[in-house]
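Structure assessment
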Amino acid sequence: MPDMTVFAETYAEARGKFLDAARAAGARHVAYPHADARGPAGEPLFLDAVMLGPANASRVFTVASGTHGIEGYPGSAAQTAWLGSGAKLPADTAVLLLHANNPWGFAHKTRTTEDNVDLNRNFVSFDRARPVNAGYEEVHPNITPDEWSDAAVAGIFRWLDGFRSRVGEKAFSDAFNGGQYAHQDGIFFGGARVQWSNGAFRRAVKEHLAGARKVAFMDLHTGIGPYGDHIYLCFHPEGSPARERARQWWGERAVNLQGVTHKKLATYSGVIIDAFAEMLPQADVTSIVVEYGTRPREEMQRASMLQRWLRFNGGRDPARAKKLQAEYESAFYPAEADWRRNVLEQSRDFLAKGVAGIASC
Ligand SMILES: [Zn+2]
(Lines give C-alpha, C1' and ligand atoms only; values in the text may rest on other atoms or scores of the structure.)
Protein backbone atom coordinates (compact mmCIF):
# COMPACT_ATOMS: atom_id res chain seq x y z
CA MET A 1 0.00 0.00 0.00
CA PRO A 2 1.62 3.30 -1.05
CA ASP A 3 1.85 6.21 1.39
CA MET A 4 -1.37 8.13 0.70
CA THR A 5 -0.34 11.14 2.80
CA VAL A 6 1.42 12.61 -0.26
CA PHE A 7 -1.99 13.79 -1.52
CA ALA A 8 -3.04 17.31 -0.57
CA GLU A 9 -6.22 19.37 -0.58
CA THR A 10 -4.66 22.82 -1.01
CA TYR A 11 -1.82 24.23 -3.05
CA ALA A 12 0.14 25.27 0.06
CA GLU A 13 -0.21 21.78 1.51
CA ALA A 14 0.93 20.14 -1.75
CA ARG A 15 3.89 22.50 -2.03
CA GLY A 16 4.89 21.94 1.60
CA LYS A 17 4.88 18.16 1.17
CA PHE A 18 6.78 18.38 -2.10
CA LEU A 19 9.49 20.66 -0.67
CA ASP A 20 9.82 18.58 2.53
CA ALA A 21 10.41 15.48 0.40
CA ALA A 22 12.90 17.38 -1.78
CA ARG A 23 14.87 18.51 1.28
CA ALA A 24 14.88 15.00 2.74
CA ALA A 25 16.15 13.62 -0.58
CA GLY A 26 18.95 16.21 -0.69
CA ALA A 27 17.65 17.81 -3.90
CA ARG A 28 18.48 21.34 -5.03
CA HIS A 29 15.55 23.79 -5.11
CA VAL A 30 14.91 27.00 -7.01
CA ALA A 31 11.62 28.87 -6.45
CA TYR A 32 10.13 31.20 -9.08
CA PRO A 33 7.72 33.47 -7.20
CA HIS A 34 4.60 34.66 -9.01
CA ALA A 35 4.94 38.36 -9.69
CA ASP A 36 1.37 39.53 -9.17
CA ALA A 37 -1.11 36.81 -8.28
CA ARG A 38 -2.02 35.04 -5.04
CA GLY A 39 -3.91 31.98 -3.91
CA PRO A 40 -7.47 32.09 -2.52
CA ALA A 41 -6.20 32.66 1.05
CA GLY A 42 -3.75 35.34 -0.09
CA GLU A 43 -0.90 32.83 -0.10
CA PRO A 44 2.11 33.38 -2.39
CA LEU A 45 2.43 31.23 -5.50
CA PHE A 46 5.51 29.66 -7.08
CA LEU A 47 6.79 27.46 -9.80
CA ASP A 48 9.23 25.21 -7.90
CA ALA A 49 12.11 23.48 -9.65
CA VAL A 50 13.77 20.63 -7.76
CA MET A 51 16.75 18.75 -9.17
CA LEU A 52 18.24 15.51 -7.98
CA GLY A 53 21.50 14.13 -9.36
CA PRO A 54 24.64 15.83 -10.70
CA ALA A 55 24.16 19.51 -11.63
CA ASN A 56 26.14 18.95 -14.83
CA ALA A 57 24.43 15.67 -15.82
CA SER A 58 24.15 15.33 -19.57
CA ARG A 59 20.94 13.26 -19.22
CA VAL A 60 17.91 14.74 -17.49
CA PHE A 61 14.42 13.33 -17.01
CA THR A 62 12.04 16.27 -16.45
CA VAL A 63 8.61 15.71 -14.90
CA ALA A 64 6.11 18.57 -14.64
CA SER A 65 2.84 18.92 -12.75
CA GLY A 66 0.05 21.48 -12.83
CA THR A 67 0.29 22.81 -16.38
CA HIS A 68 -3.49 22.69 -16.04
CA GLY A 69 -3.70 23.98 -12.49
CA ILE A 70 -6.04 21.63 -10.64
CA GLU A 71 -4.70 18.63 -12.60
CA GLY A 72 -1.51 19.17 -10.60
CA TYR A 73 -2.81 17.54 -7.40
CA PRO A 74 -2.22 13.94 -8.49
CA GLY A 75 0.93 14.95 -10.39
CA SER A 76 2.29 16.64 -7.28
CA ALA A 77 1.53 13.53 -5.21
CA ALA A 78 3.41 11.37 -7.74
CA GLN A 79 6.40 13.75 -7.64
CA THR A 80 6.45 13.81 -3.83
CA ALA A 81 6.17 10.02 -3.64
CA TRP A 82 9.02 9.64 -6.11
CA LEU A 83 11.25 11.95 -4.03
CA GLY A 84 10.44 9.86 -0.97
CA SER A 85 11.13 6.55 -2.69
CA GLY A 86 14.91 6.74 -2.34
CA ALA A 87 15.31 5.91 -6.03
CA LYS A 88 18.97 5.67 -7.06
CA LEU A 89 19.95 7.51 -10.23
CA PRO A 90 22.29 6.00 -12.84
CA ALA A 91 25.58 7.79 -13.59
CA ASP A 92 25.44 11.14 -15.43
CA THR A 93 21.66 11.23 -14.96
CA ALA A 94 19.50 13.79 -13.13
CA VAL A 95 15.79 14.25 -12.50
CA LEU A 96 14.22 17.71 -12.69
CA LEU A 97 10.79 18.08 -11.11
CA LEU A 98 8.75 21.16 -12.02
CA HIS A 99 6.00 21.62 -9.45
CA ALA A 100 2.89 23.67 -10.34
CA ASN A 101 3.54 25.06 -13.81
CA ASN A 102 0.30 27.03 -13.37
CA PRO A 103 0.24 27.69 -9.62
CA TRP A 104 -2.74 30.08 -9.76
CA GLY A 105 -4.96 27.40 -11.28
CA PHE A 106 -3.54 24.83 -8.86
CA ALA A 107 -4.34 27.00 -5.84
CA HIS A 108 -7.76 28.13 -7.12
CA LYS A 109 -8.62 24.59 -8.26
CA THR A 110 -9.27 25.33 -11.89
CA ARG A 111 -7.60 24.40 -15.16
CA THR A 112 -6.76 27.88 -16.36
CA THR A 113 -4.50 30.74 -15.27
CA GLU A 114 -5.37 34.04 -13.57
CA ASP A 115 -6.39 35.34 -17.06
CA ASN A 116 -8.60 32.30 -17.80
CA VAL A 117 -5.87 31.11 -20.14
CA ASP A 118 -5.20 27.47 -20.93
CA LEU A 119 -1.43 27.49 -20.37
CA ASN A 120 -1.10 24.54 -22.73
CA ARG A 121 -2.35 26.73 -25.60
CA ASN A 122 -0.32 29.83 -24.61
CA PHE A 123 3.06 28.89 -26.14
CA VAL A 124 2.36 30.65 -29.45
CA SER A 125 4.13 33.71 -30.83
CA PHE A 126 2.36 36.87 -29.71
CA ASP A 127 4.40 38.94 -32.18
CA ARG A 128 2.30 37.74 -35.09
CA ALA A 129 -1.34 36.89 -35.68
CA ARG A 130 -2.63 34.09 -33.48
CA PRO A 131 -4.05 30.91 -35.01
CA VAL A 132 -7.69 31.27 -36.03
CA ASN A 133 -10.14 28.60 -34.87
CA ALA A 134 -13.09 29.07 -37.22
CA GLY A 135 -14.95 26.08 -35.75
CA TYR A 136 -14.85 27.56 -32.27
CA GLU A 137 -16.52 30.73 -33.56
CA GLU A 138 -19.58 28.60 -34.20
CA VAL A 139 -19.27 26.67 -30.94
CA HIS A 140 -18.77 29.59 -28.56
CA PRO A 141 -22.26 31.16 -28.49
CA ASN A 142 -23.79 27.70 -28.07
CA ILE A 143 -21.79 26.61 -24.99
CA THR A 144 -21.80 29.80 -22.94
CA PRO A 145 -25.18 29.87 -21.19
CA ASP A 146 -26.06 32.57 -18.67
CA GLU A 147 -27.82 30.00 -16.48
CA TRP A 148 -26.39 26.58 -15.62
CA SER A 149 -29.30 24.14 -15.39
CA ASP A 150 -29.87 20.53 -16.41
CA ALA A 151 -32.10 21.77 -19.23
CA ALA A 152 -29.49 24.24 -20.46
CA VAL A 153 -26.75 21.58 -20.38
CA ALA A 154 -28.96 19.06 -22.20
CA GLY A 155 -29.62 21.69 -24.87
CA ILE A 156 -25.89 22.33 -25.24
CA PHE A 157 -25.18 18.64 -25.74
CA ARG A 158 -27.97 18.34 -28.32
CA TRP A 159 -26.38 21.21 -30.20
CA LEU A 160 -22.88 19.70 -29.88
CA ASP A 161 -24.15 16.32 -31.17
CA GLY A 162 -25.62 18.04 -34.22
CA PHE A 163 -22.44 20.03 -34.77
CA ARG A 164 -20.32 16.86 -34.53
CA SER A 165 -22.41 14.91 -37.02
CA ARG A 166 -22.31 17.88 -39.39
CA VAL A 167 -18.52 18.49 -39.29
CA GLY A 168 -17.07 15.09 -38.23
CA GLU A 169 -15.03 14.00 -35.19
CA LYS A 170 -11.74 15.67 -36.15
CA ALA A 171 -13.23 19.09 -36.92
CA PHE A 172 -15.30 18.78 -33.74
CA SER A 173 -12.18 18.18 -31.60
CA ASP A 174 -10.29 21.00 -33.32
CA ALA A 175 -13.16 23.40 -32.68
CA PHE A 176 -13.85 22.34 -29.09
CA ASN A 177 -10.39 21.45 -27.69
CA GLY A 178 -7.82 22.72 -30.16
CA GLY A 179 -7.46 26.14 -28.59
CA GLN A 180 -8.80 29.57 -29.52
CA TYR A 181 -7.46 33.11 -29.19
CA ALA A 182 -10.58 35.22 -29.73
CA HIS A 183 -12.79 34.71 -26.66
CA GLN A 184 -11.28 35.47 -23.26
CA ASP A 185 -14.48 34.19 -21.63
CA GLY A 186 -14.49 30.95 -23.62
CA ILE A 187 -13.00 27.48 -23.21
CA PHE A 188 -9.44 26.44 -24.14
CA PHE A 189 -8.53 30.15 -24.51
CA GLY A 190 -4.85 30.46 -25.44
CA GLY A 191 -4.49 34.03 -24.25
CA ALA A 192 -3.88 37.52 -25.59
CA ARG A 193 -0.40 37.73 -24.03
CA VAL A 194 2.36 35.58 -22.60
CA GLN A 195 1.27 34.28 -19.20
CA TRP A 196 3.50 34.58 -16.12
CA SER A 197 3.54 30.77 -15.98
CA ASN A 198 4.86 30.62 -19.54
CA GLY A 199 7.78 32.92 -18.69
CA ALA A 200 8.57 31.11 -15.42
CA PHE A 201 8.60 27.74 -17.18
CA ARG A 202 10.99 29.08 -19.82
CA ARG A 203 13.33 30.48 -17.15
CA ALA A 204 13.35 27.19 -15.24
CA VAL A 205 14.08 25.16 -18.38
CA LYS A 206 16.88 27.50 -19.43
CA GLU A 207 18.47 27.61 -15.99
CA HIS A 208 18.41 23.84 -15.44
CA LEU A 209 18.77 22.22 -18.85
CA ALA A 210 21.07 24.41 -20.95
CA GLY A 211 23.95 21.92 -20.56
CA ALA A 212 21.98 18.71 -21.03
CA ARG A 213 22.33 16.64 -24.19
CA LYS A 214 19.61 14.01 -23.70
CA VAL A 215 16.42 15.29 -22.17
CA ALA A 216 13.03 13.75 -21.55
CA PHE A 217 9.93 15.74 -20.66
CA MET A 218 6.89 14.15 -19.09
CA ASP A 219 3.93 16.47 -18.51
CA LEU A 220 1.41 15.05 -16.02
CA HIS A 221 -2.31 15.74 -16.56
CA THR A 222 -5.71 14.31 -15.69
CA GLY A 223 -8.98 13.93 -17.54
CA ILE A 224 -8.41 11.81 -20.63
CA GLY A 225 -8.58 8.03 -20.39
CA PRO A 226 -10.35 5.33 -18.39
CA TYR A 227 -11.02 5.95 -14.70
CA GLY A 228 -8.19 4.59 -12.55
CA ASP A 229 -5.81 4.00 -15.44
CA HIS A 230 -3.42 6.34 -17.29
CA ILE A 231 -2.83 7.01 -20.96
CA TYR A 232 0.06 8.42 -22.99
CA LEU A 233 -0.02 11.06 -25.69
CA CYS A 234 3.07 11.12 -27.89
CA PHE A 235 3.23 13.92 -30.47
CA HIS A 236 6.57 13.03 -32.07
CA PRO A 237 6.06 12.24 -35.78
CA GLU A 238 5.64 8.66 -36.93
CA GLY A 239 9.06 7.11 -37.63
CA SER A 240 11.06 9.73 -35.67
CA PRO A 241 13.84 8.64 -33.28
CA ALA A 242 12.08 10.41 -30.38
CA ARG A 243 8.87 8.46 -30.95
CA GLU A 244 10.87 5.24 -31.09
CA ARG A 245 12.53 6.11 -27.76
CA ALA A 246 9.12 6.70 -26.15
CA ARG A 247 7.98 3.30 -27.45
CA GLN A 248 11.08 1.56 -26.11
CA TRP A 249 10.86 3.18 -22.68
CA TRP A 250 7.14 2.95 -21.95
CA GLY A 251 6.00 0.29 -24.39
CA GLU A 252 3.58 0.17 -27.31
CA ARG A 253 0.88 2.00 -25.33
CA ALA A 254 3.09 5.13 -25.28
CA VAL A 255 2.49 5.62 -29.00
CA ASN A 256 -0.69 3.73 -29.97
CA LEU A 257 -3.27 5.91 -28.12
CA GLN A 258 -4.41 2.92 -26.04
CA GLY A 259 -7.22 4.02 -23.73
CA VAL A 260 -7.54 7.52 -25.19
CA THR A 261 -11.17 8.57 -24.79
CA HIS A 262 -11.17 11.24 -27.51
CA LYS A 263 -12.44 9.73 -30.75
CA LYS A 264 -10.12 12.05 -32.69
CA LEU A 265 -7.40 14.18 -31.11
CA ALA A 266 -7.45 17.87 -31.94
CA THR A 267 -4.53 19.60 -33.61
CA TYR A 268 -3.47 21.70 -30.63
CA SER A 269 -1.89 25.16 -30.82
CA GLY A 270 0.73 26.55 -28.45
CA VAL A 271 1.47 23.48 -26.34
CA ILE A 272 4.18 23.34 -23.70
CA ILE A 273 5.97 20.23 -24.96
CA ASP A 274 6.67 21.91 -28.31
CA ALA A 275 8.03 25.02 -26.58
CA PHE A 276 10.20 22.79 -24.40
CA ALA A 277 11.80 21.08 -27.40
CA GLU A 278 12.33 24.39 -29.22
CA MET A 279 14.19 25.79 -26.20
CA LEU A 280 16.71 22.93 -26.25
CA PRO A 281 18.09 22.71 -29.79
CA GLN A 282 21.35 21.22 -28.42
CA ALA A 283 19.56 18.21 -26.93
CA ASP A 284 17.79 15.06 -28.12
CA VAL A 285 14.36 15.60 -26.60
CA THR A 286 11.80 12.89 -25.87
CA SER A 287 8.41 14.30 -24.82
CA ILE A 288 5.38 12.49 -23.51
CA VAL A 289 2.09 13.59 -21.98
CA VAL A 290 0.58 11.33 -19.33
CA GLU A 291 -3.09 11.65 -18.42
CA TYR A 292 -4.58 9.97 -15.37
CA GLY A 293 -8.07 9.00 -16.51
CA THR A 294 -11.00 10.28 -14.45
CA ARG A 295 -14.57 10.64 -15.78
CA PRO A 296 -16.14 9.75 -19.14
CA ARG A 297 -15.57 12.05 -22.10
CA GLU A 298 -18.96 13.79 -21.94
CA GLU A 299 -18.51 14.60 -18.25
CA MET A 300 -15.15 16.18 -19.00
CA GLN A 301 -16.67 18.28 -21.78
CA ARG A 302 -19.36 19.34 -19.33
CA ALA A 303 -16.62 20.24 -16.80
CA SER A 304 -14.82 22.45 -19.35
CA MET A 305 -18.02 24.41 -19.94
CA LEU A 306 -18.88 24.48 -16.24
CA GLN A 307 -15.46 25.97 -15.47
CA ARG A 308 -16.07 29.03 -17.62
CA TRP A 309 -19.63 29.39 -16.30
CA LEU A 310 -18.31 29.33 -12.71
CA ARG A 311 -15.71 31.92 -13.57
CA PHE A 312 -17.93 34.36 -15.43
CA ASN A 313 -21.44 33.69 -14.17
CA GLY A 314 -21.09 31.81 -10.87
CA GLY A 315 -20.76 34.92 -8.73
CA ARG A 316 -24.51 35.57 -8.93
CA ASP A 317 -25.37 32.44 -6.93
CA PRO A 318 -22.48 31.63 -4.55
CA ALA A 319 -24.18 28.70 -2.78
CA ARG A 320 -24.91 26.94 -6.05
CA ALA A 321 -21.48 27.81 -7.43
CA LYS A 322 -19.86 26.15 -4.40
CA LYS A 323 -21.74 22.92 -5.05
CA LEU A 324 -20.90 22.98 -8.75
CA GLN A 325 -17.25 23.77 -7.97
CA ALA A 326 -17.06 20.53 -5.94
CA GLU A 327 -18.46 18.65 -8.93
CA TYR A 328 -15.85 20.33 -11.14
CA GLU A 329 -13.00 19.42 -8.78
CA SER A 330 -13.97 15.76 -8.64
CA ALA A 331 -13.76 15.59 -12.45
CA PHE A 332 -10.06 16.45 -12.37
CA TYR A 333 -9.03 15.23 -8.92
CA PRO A 334 -11.17 12.31 -7.76
CA ALA A 335 -11.21 11.79 -3.99
CA GLU A 336 -11.71 8.01 -4.11
CA ALA A 337 -8.91 6.13 -2.34
CA ASP A 338 -8.67 3.46 -5.04
CA TRP A 339 -8.21 6.10 -7.74
CA ARG A 340 -5.46 7.82 -5.76
CA ARG A 341 -3.74 4.54 -4.95
CA ASN A 342 -3.69 3.70 -8.67
CA VAL A 343 -2.09 7.07 -9.41
CA LEU A 344 0.79 6.30 -7.07
CA GLU A 345 1.29 2.69 -8.13
CA GLN A 346 1.22 3.50 -11.85
CA SER A 347 3.39 6.61 -11.45
CA ARG A 348 6.05 4.67 -9.57
CA ASP A 349 6.26 2.35 -12.56
CA PHE A 350 6.29 4.90 -15.39
CA LEU A 351 8.67 7.28 -13.57
CA ALA A 352 11.14 4.42 -13.02
CA LYS A 353 10.86 3.60 -16.73
CA GLY A 354 11.59 7.23 -17.59
CA VAL A 355 14.74 7.26 -15.46
CA ALA A 356 15.92 3.97 -16.95
CA GLY A 357 15.07 5.19 -20.44
CA ILE A 358 17.01 8.46 -20.30
CA ALA A 359 20.00 6.61 -18.84
CA SER A 360 19.90 4.04 -21.66
CA CYS A 361 19.75 6.28 -24.72
ZN1 LIG B 1 -4.44 18.78 -18.84
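Our structure is the block above this text.
Overview of the structure. (Residues numbered from 1 in each chain as written. Predicted model: local features only at pLDDT ≥ 70, side-chain atom pairs only at ≥ 80, totals over all residues. Heavy atoms only, no water.)

Re the coordination of the zinc ion
In this structure, His68 (ND1), Glu71 (OE), Glu71 (OE) and His221 (ND1) serve as the protein donors to the zinc ion, at separations of 2.0 to 2.8 Å. What the four donor atoms of the zinc ion show is an angle range of 51 to 143° at the metal, which sorts the shape as irregular. Each donor residue of the zinc ion lies on the same chain, and together they follow the pattern H-x2-E-x149-H. Residue glutamate 71 is located in the loop between strand S3 (59-65) and helix H2 (72-83), and its partner histidine 221 is located in strand S5 (residues 214-222); the two are separated by 150 residues in the primary sequence. Judged by relative accessible area, which is 3%, glutamate 71 ranks as buried. Taking relative accessible area as the criterion, histidine 221 reaches 1% and is therefore assigned buried. (Donors = N, O, S within 2.8 Å, 3.2 Å for Na, K, Ca; no water. Tetrahedral: all angles 85-135°; square planar, octahedral: opposite > 155°, others 65-115°. Helix = DSSP H or I, 4+ residues; strand = E, 2+ residues; numbered from the N terminus. Buried < 20%, exposed > 50% of the residue type's maximum accessible area, 1.4 Å probe, protein only.)

Side note on the nonpolar core
Of all hydrophobic cores here, the largest spans 75 residues; its most connected members are Phe61, Met218, Trp250 and Phe350. With seven residues, helix H12 (residues 337-360) is the largest single contributor of residues to this core. In contact with methionine 218, other than residues within four places in its own chain, are Phe61, Thr62, Val63, Ala64, Trp250, Ile288, Val290, Phe350 and Leu351. Ala49, Leu98, Phe276 and Val289 belong to the second-largest nonpolar core, a separate cluster that totals 35 residues. (Core = buried A, V, L, I, M, F, W, Y, C linked by side-chain atoms within 4.5 Å. Contact = heavy atoms within 4.5 Å.)

Topic: the pairing of strand S6 (residues 230-233)
Walk down a regular strand and you will see the side chains alternate between the two sheet faces. Covered by surrounding structure in S6 are His230 and Tyr232 together with Ile231 and Leu233, the residues of both alternating faces. Relative to strand S7 (residues 284-292), S6 runs antiparallel, the two sharing four bridges. Considered in S7, the bridge of tyrosine 232 is made with valine 290. (Pairing = 2+ DSSP bridges.)

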